[in-house]
Amino acid sequence: MSILVIGGTGFIGHRLVRLLAAQGHAVICMDINPTAHSFADLGGKVASLRGDVTQFDDLMAVMGKVRPERVVNLSYYLGSDHAPHVAMKLNILGMDNCFEAARLLGVTHTMYASSLAVNGKQTHYGNRPVTEADDVHGEYQYAKHKIVNEWQAQDYSEKFGMLITGIRPANVTGPDKVRGSVDHVNLITEPARGNAISFPFKDAMRCPIHVDDICEVFARVLMAEKPAHRIYNTGGITISLGEIADIVRGYLPDAKITFAKETGGRDASGNYMIDNTRLVREFGVQYRPYRERVLQIINDIRRDNGEPALEA
Ligand SMILES: NC(=O)c1ccc[n+]([C@@H]2O[C@H](COP(=O)([O-])OP(=O)(O)OC[C@H]3O[C@@H](n4cnc5c(N)ncnc54)[C@H](O)[C@@H]3O)[C@@H](O)[C@H]2O)c1
């Protein structure tokens with residue numbers, strides 16, 4: 001199957017491209033920064049093109065040439081500190097360009113990344129997992145744009161009968177994550193590099209999920225002929241930064257991790273209890289234990305530093 005991944009050299013994108021190529025698909029990566037990741041080792045299996053998703057002509061040129069059966073849009077500005085005009089152009093117009101090009105060219109299934117951020121703080125929901133049917137309370141630029149994207153997808157689906165599916169990843173973790181929520185990542189990678197690290201609150205809550213698991217979710221849902229829903233939570237593990245620190249210390253007893261305060265972070269935390277029943281029931285996804293993923297990330301860093309892997 002021919003698949004276009006937009007934002008395909010990014011943190012999630014390059015792994016998804018590799019996974020889909022390994023599954024035997026003809027994958028085309030389009031990114032404004034195509035040299036950020038090389039697929040040269042795949043021996044020409046992946047075509048990597050430069051294209052700017054905010055320019056409709058760019059996108060139509062690529063899609064018109066490739067005529068993909070499936071499209072995944074992962075291009076986005078993570079975080080909420082971007083100038084409104086700049087962020088709107090990529091996050092809203094870029095997404096709209098994808099949906100419109102997919103409509104014009106008859107793409108059979110289009111996917112995009114939403115985010116757990118649409119839900120806002122966990123305190124809006126109390127002490128219970130949040131489902132896709134709950135109202136959203138996202139407060140900042142990034143969350144508001146994702147909320148609009150979900151509406152855009154619904155509008156296109158209803159008006160044109162298109163198949164567009166959104167995934168709401170939780171706090172994605174992996175050794176090379178540098179944008180978006182990174183405290184739960186740095187808590188693992190910095191001690192693995194031998195660096196000290198400190199955080200304001202030990203009880204700040206997160207919902208991490210490993211980037212390999214996220215790619216598996218995208219790959220499975222992408223192949224579906226007709227997913228039962230328009231939007232899926234990935235979920236992850238509900239855990240505090242203090243608990244992650246304990247896992248890290250289990251592997252790295254000399255890790256220098258400090259917290260300024262024991263409490264005070266929980267109520268300020270974003271959505272961290274997430275119901276992923278929809279995804280699990282329909283697609284049978286199973287995530288590797290988080291503890292194993294922490295060790296995997298530590299060993300990724302150690303390998304890059306020429307150090308031997310730690311045993312479980
Ligand atoms: N990483 C997370 O924790 C997380 C969590 C929830 C949702 N998501 C969503 O998943 C998606 C991918 O996230 P990521 O972590 O891989 O982000 P990333 O920043 O690593 O990747 C985004 C990619 O988009 C490309 N891009 C930027 N502007 C572009 C343009 N104008 N045209 C074409 N390409 C452009 C970038 O060069 C980059 O390769 C995003 O939509 C993000 O909001 C990520």
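Structure shown above.
Model, not experiment: these values are computed from the prediction.

Rules and cut-offs
Every residue gets a number counted from 1 within its own chain, in the order that chain's sequence is written. Only residues with pLDDT of 70 or above have their local features reported here, since the model is predicted, and side-chain atom pairs are shown and tallied only from 80 upward, although totals for entire chains, interfaces and linings are computed over all residues. As a rule here, side-chain values come from all non-hydrogen atoms in the structure, and water together with hydrogens is ignored. Should DSSP find at least two bridges between two strands, the strands are regarded as paired. For the purposes of this entry, the term helix denotes a DSSP run of H or I that reaches at least four residues, the term strand denotes a run of E that reaches at least two, and both are numbered from the N terminus. Note on method: axes are straight lines fitted to C-alpha atoms, helices fitted across the in-contact stretch only, with angles between N-to-C directions ranging 0 to 180 degrees. The contact rule is simple, with two residues in contact once any of their heavy atoms fall within 4.5 Å. Proximity is defined per residue: if any heavy atom of the residue lies within 4 Å of a molecule or strand, that residue is considered near it. N or O atoms closer than or at 3.5 Å make up a polar contact, with two conditions inside protein: a donor-capable atom paired with an acceptor-capable one, and, for residues adjacent in sequence, both atoms drawn from side chains. Surface accessibility in these figures is a Shrake-Rupley result with a 1.4 Å probe; residues are shielded only by whichever protein chains are displayed. Ten residue types, Ala, Val, Leu, Ile, Met, Phe, Trp, Tyr, Cys and Pro, are classed as nonpolar, four, Asp, Glu, Lys and Arg, as charged, and the remainder, Gly among them, as polar. Helix span, expected: 1.5 Å multiplied by one less than the number of residues in the helix. For every residue, the accessible area (1.4 Å probe, protein chains only) is compared with the maximum for its type, and the residue is labelled buried under 20%, exposed over 50%, or partly exposed between those bounds.

Q: Please clarify how the sheet that holds strand 1 (residues 2-6) should be interpreted in this entry.
A: Sheet strands associate in pairs through backbone hydrogen bonding, adopting either a parallel or an antiparallel arrangement. One open sheet holds the seven strands; their spatial order is 3-2-1-4-5-6-11, and the pairing between them is parallel. Either end of the sheet is taken by a strand with one partner, and the two such strands are strand 3 (46-50) and strand 11 (231-235). Across the sheet, the axes of successive neighbouring strands diverge by a mean angle of 20°, strand direction being ignored. Sheet topology places strand 6 (residues 164-169) next to strand 11; four bridges connect them, and they run parallel. The partner of proline 169 across the bridge, within strand 11, is glycine 235. Strand contacts of helix 6 (residues 211-223): strand 1, strand 4 (70-73), strand 5 (109-113), strand 6 and strand 11, with the helix running at about 155° to strand 5, the strand carrying the most contacts.

Q: Can you walk me through the site of the ligand in this structure?
A: Residues in contact with the ligand amount to 27 residues; listed here are only the nearest, Asp31, Asp52, Tyr142, Lys177 and Arg179. Separating an oxygen atom of the ligand from a backbone N or O atom of glycine 10 is a distance of 3.1 Å. At 2.8 Å from an oxygen atom of the ligand is found a main-chain nitrogen or oxygen belonging to isoleucine 12. In isolation the ligand has 830 Å² of accessible area, and contact with the protein removes 93% of it. Each residue belonging to the shell around the ligand can be placed in one class, and the counts come to 13 nonpolar, nine polar and five charged.

Q: Just to check I follow, could you spell out helix 4 (residues 141-160) for this structure?
A: Since the α-helix packs 3.6 residues into each turn, any two residues three or four apart lie on the same face. Look at helix 4: 28 Å from first C-alpha to last across 20 residues, which is about the 28 Å you get at 1.5 Å a residue. Those residues of helix 4 not exposed but buried are Gln141, Tyr142, Ala143, His145, Lys146, Asn149, Glu150, Gln152, Ala153, Tyr156 and Ser157. Those residues of helix 4 hidden inside the fold are in contact with helix 3 (84-105), strand 5, strand 6 and strand 11. Just beyond helix 4, the residue with positive phi is glycine 161, at close to 65°.

No statement about biological role is implied by the geometric values presented.
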